[in-house]
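Chain by chain, the residues:
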Amino acid sequence: MKTKDNELNFVNQHSSVRVSAGVHTEDIAEELNRWQNENKVQRLWAHDAGLWTNSDESKWMGWLDIAVENTEIPRIDALANEVKTAGFVDIVLMGMGGSSLCPAMMAKTFGNIAGYPKLHILDSTDPLQIRHLEKHINLEKTLFIVSSKSGGTLEPNIFKDYFYTQLQTILNKQNVADRFIAITDPETSLDKMAKNEHFKAIFHGVPSIGGRYSALSNFGMVPSGLMGVNVKEFLSHALRMREACQPIVSVKENPGVVLGVILGVCAKGGKDKITFITSPGIHSLGGWLEQLLAESTGKSGKGLIPVDQEPLGDPTSYGNDRVFVYIRLENAADPYQEEFIRKFERAGFVVITLNLLDKMHLGAELVRWEIATAVVGSILGINPFNQPDVEESKNLTLQLTDHYEKTGRLPGPNAFFSEEGMSLFTDEKNLQDISKNLTGSPSITTYLRAHLNRIKPGDYADLSAFVEMSDENTELLQKSRVLIRNQKKVATCLGFGPRFLHSTGQAYKGGPNTGVFLQITADHNEDIQIPDHSYTFGLVITAQAQADFTVLGKRSRRVLRIHLGKDVQTGLQRLHRLIQGALRTELDNG
């Protein structure tokens, strides 16, 4: 470690980390010394639960060794060759959270590798998202991966039911199990079903590895290998980073511990909005990092709030609670990003720069961040391996869908205000608070303004959109996000439901109560029936939105739902104008 002009540099043969400005170097140095003198790295590798909360942490440490113990590479390679030879042109991975985010990152990073099937990810119950996928695959030449650690996750199971039935119809045969692969822990309901139905292959997870730490296990490596990634080479970089993070290495030279200490010290000092800026070639890494940080640290009123894919802006648009993490491909750095990084450094923000030689070095980066996250958990005094608030939303969703099966009705709140096809919803406590801030005649604009006026310095604003994750919808929501960021000077997050429920949802409900949430829902003009159930995919995503909304309210979060009506894109365009009007009115009055 070298210190120069309030800049820290950590450089070794495995990585380069530079931290510039905005941080008290003596606090970082003190924490690093504490980890060295109190043998905390040794305790981490020894699975010592006392390093965290002394509960069940020792049961969830299998991720430390998976890069060494993954013996499935020959089997993955053999299946990849078989799939390629059989003429499959598409692979659809059906999973959520830790089962899907690493494969999604790999699919976007490496693209369609010549001679191999293209990997697609289905992690949304939105009917339009499913229809969009169907239009972009050759169903007769598609292999499906059902991926669920617990085996009982709602979404992959109903995805499997739907596409199994579709294949039966298209292929005109009853048993189409040879088009399916399962990835799940041993003896789960999915494992048993896959065996009974004679799936093409079954790959097991490691029970001592939680979902978000499972990227280098079969959950990440099987789909990566089937799409043509050289898994052995990818894991070799992970192994080198693992060696660099061993207890024998000085703490100040340990890439994972150094990163974790910096983030932990920053969080304790009020800089907890971890804003990712990633080179275009690895831009999807942020989606995986979001879940790892949010779900691991966001609990007990503490945690890091990850900010991914937020458009870059002038330094004056940001608060002093930001930490910018620039993950830079050395062979493909973006000049536009480099210019902004220099601006942020000159403005005095904390900027952490991590350099990667090429895309295959993502294997090393996954290990670095897993160790860093465990270190942050220790510094914050929380259990980085559980996710209590995610489970509550999942359970409530199941209760709502079960209720519909029994009664044909889905319980939910009534709108407190409607205007031109749009409606607003919230709970009694939030409505009282919003009404206190209301100025002018009631309208969607004035209610939005009152809600957004609850945003204070150090808060973050989140747009939770239970609509199709299309390029068009994303662009519209990003524009609205920037409006809020620029006016309020706060971090902004954007998530598509139900995807984010298995990712950042834990931090939003269990982390610091600094979020102001705008939940966005819409009608489902085109819906899809789920086989062997009385409900549809549209009803499921509606139930998921309702469960999320309910738990946010129970956690005393500041939340408002806006229902767009029948036309999503028209609704999002109008919402953008409404937000613009609400903020402009506020600016005019201010």
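What you see is a predicted model, and the numbers here were worked out from it, not measured in a lab. Each chain has its residues counted from 1, running along the sequence as written. Restriction of local features to residues with pLDDT of at least 70 applies here, the model being predicted, together with a cutoff of 80 or more for giving and counting side-chain atom pairs; totals for whole chains, interfaces and linings are based on all residues. Side-chain measures were taken over the full set of non-hydrogen atoms in the model, leaving aside hydrogen atoms and water.

(A) Spotlight on the environment of His361. Think of it this way: any DSSP run of H or I at least four residues long counts as a helix, any run of E at least two long counts as a strand, and we number them from the N terminus. Along the chain, His361 falls in the loop between strand 12 (350-356) and helix 14 (362-380). Counting along the chain gives 321 residues from His361 to Lys40, while the straight-line C-alpha distance between them is 27 Å. We call two residues contacting when some pair of their heavy atoms lies within 4.5 Å. Each residue touching His361, except ones within four places of it in the same chain, is listed here: His237 and Leu356. Think of a polar contact as two N or O atoms within 3.5 Å of one another; within protein, one of them needs to be a possible hydrogen donor and the other a possible acceptor, and neighboring residues in sequence only count if both atoms come from side chains. Here the side chain of His361 touches His237 through a polar contact of 3.5 Å, side chain to side chain.

(B) Quick peek at the nonpolar core. As used in this record, nonpolar core signifies buried Ala, Val, Leu, Ile, Met, Phe, Trp, Tyr and Cys residues forming a set joined through side-chain atoms within 4.5 Å. Think of it in three bands: with a 1.4 Å probe and only protein chains considered, a residue is buried below 20% of the maximum accessible area for its type, exposed above 50%, and partly exposed in between. Residues Trp35, Leu44, Leu226, Trp288, Ile352 and Trp369 are the most contacted members of the largest nonpolar core, which totals 94 residues. A total of 12 residues in this core trace back to one element, the largest contributor, which is helix 14. Among the nonpolar cores identified, the runner-up in size contains 34 residues, and Met422, Ile444, Ala461 and Ile579 belong to it.

(C) Structural view of the packing of aromatic side chains. Here the aromatic set is Phe, Tyr and Trp, taking the six-membered ring for Trp, and pairing holds for ring centres within 6.5 Å; pairs whose planes are under 30 degrees apart are stacked, those over 60 apart are edge-to-face, and all others are tilted. Summed over the entire model, instances satisfying the criterion amount to 27 aromatic pairs. Geometrically, the ring pair formed by Phe417 and Tyr447 is tilted, given 5.3 Å between the ring centres and 55° between the ring planes. Remark: Tyr447 occurs in helix 17 (residues 444-452) and Phe417 occurs in strand 13 (residues 417-419); sequence separation between them is 30 residues. Residue class for Phe417 comes out buried when judged on its relative accessible area of 18%. The interplanar angle of 40° and the centroid separation of 6.3 Å between the aromatic rings of Phe500 and Tyr508 together place this pair among those described as tilted. Grouping residues by exposure puts Phe500 and Tyr508 together as buried. Among the aromatic residues, ring-to-ring pairing joins Phe144, Phe159, Tyr162, Phe163, Tyr164, Phe180, Phe199 and Phe537 into one connected group.

(D) Inspection of the side chain of Ser393 at higher detail. Looking at where Ser393 falls in the secondary structure, it is placed in helix 15 (residues 388-407). Residue classification places Ser393 among the buried positions, given a relative accessible area of 7%. When residues no more than four places from it in sequence are discounted, the contact partners of Ser393 are Lys509, Ala547, Asp548 and Val551.

(E) Main features of the pairing of strand 11 (residues 322-329). Burial analysis of strand 11 places seven of its eight residues in the buried class, which makes it a mostly covered element. Of the strand pairs in this sheet, strand 9 (residues 273-278) and strand 11 are connected by six bridges, and their pairing is parallel. Among the inter-strand pairings, Thr275 is bridged to a residue of strand 11, identified as Phe324. The pairing of strand 11 with strand 12 spans seven bridges and is parallel. When the sheet's bridge partners are listed, Ile327 is paired in strand 12 with Leu354. Convention used here: a crossover is right-handed provided that the path from the first strand, over the helix, to the second strand proceeds clockwise when the strands point away from the viewer. Each parallel crossover has a hand, and for strand 11 linked through helix 13 (residues 335-346) to strand 12 it is right-handed. Pairing between strands requires that DSSP locate at least two bridges from one strand to the other.

(F) Local environment of unusual backbone geometry. Across the junction of Gly497 and Pro498, the peptide omega takes the value 5°, indicating a cis bond. By the secondary structure assignment, Pro498 is in the loop between strand 16 (491-496) and helix 19 (505-510). Positive phi, normally seen in glycine, also occurs at Asn172, with a value near 55°. One non-glycine residue, Gln309, lies in positive phi territory at about 60°.

(G) Representation of the sheet that holds strand 17 (residues 515-521) in the model. Pairing within the open sheet is mixed, and its six strands lie in the order 13-14-18-17-15-16. With partners counted over all chains shown, the strands left at the sheet margins are strand 13 and strand 16, one partner each. Pairwise comparison of adjacent strand axes, ignoring direction, gives a mean angle of 15° for this sheet. When strand 15 (residues 460-465) meets strand 16, the two strands line up parallel, connected through six bridges. Across the sheet, residue Ala461 finds its bridge partner in strand 16, namely Thr492. In this analysis an axis means a line fitted to C-alpha atoms, helices contributing only their contacting stretch, and an angle means the value between N-to-C directions, from 0 to 180 degrees. Relative to strand 16, helix 18 (residues 471-488) is tilted by about 160°, and along the sheet it contacts strand 15, strand 16 and strand 17.

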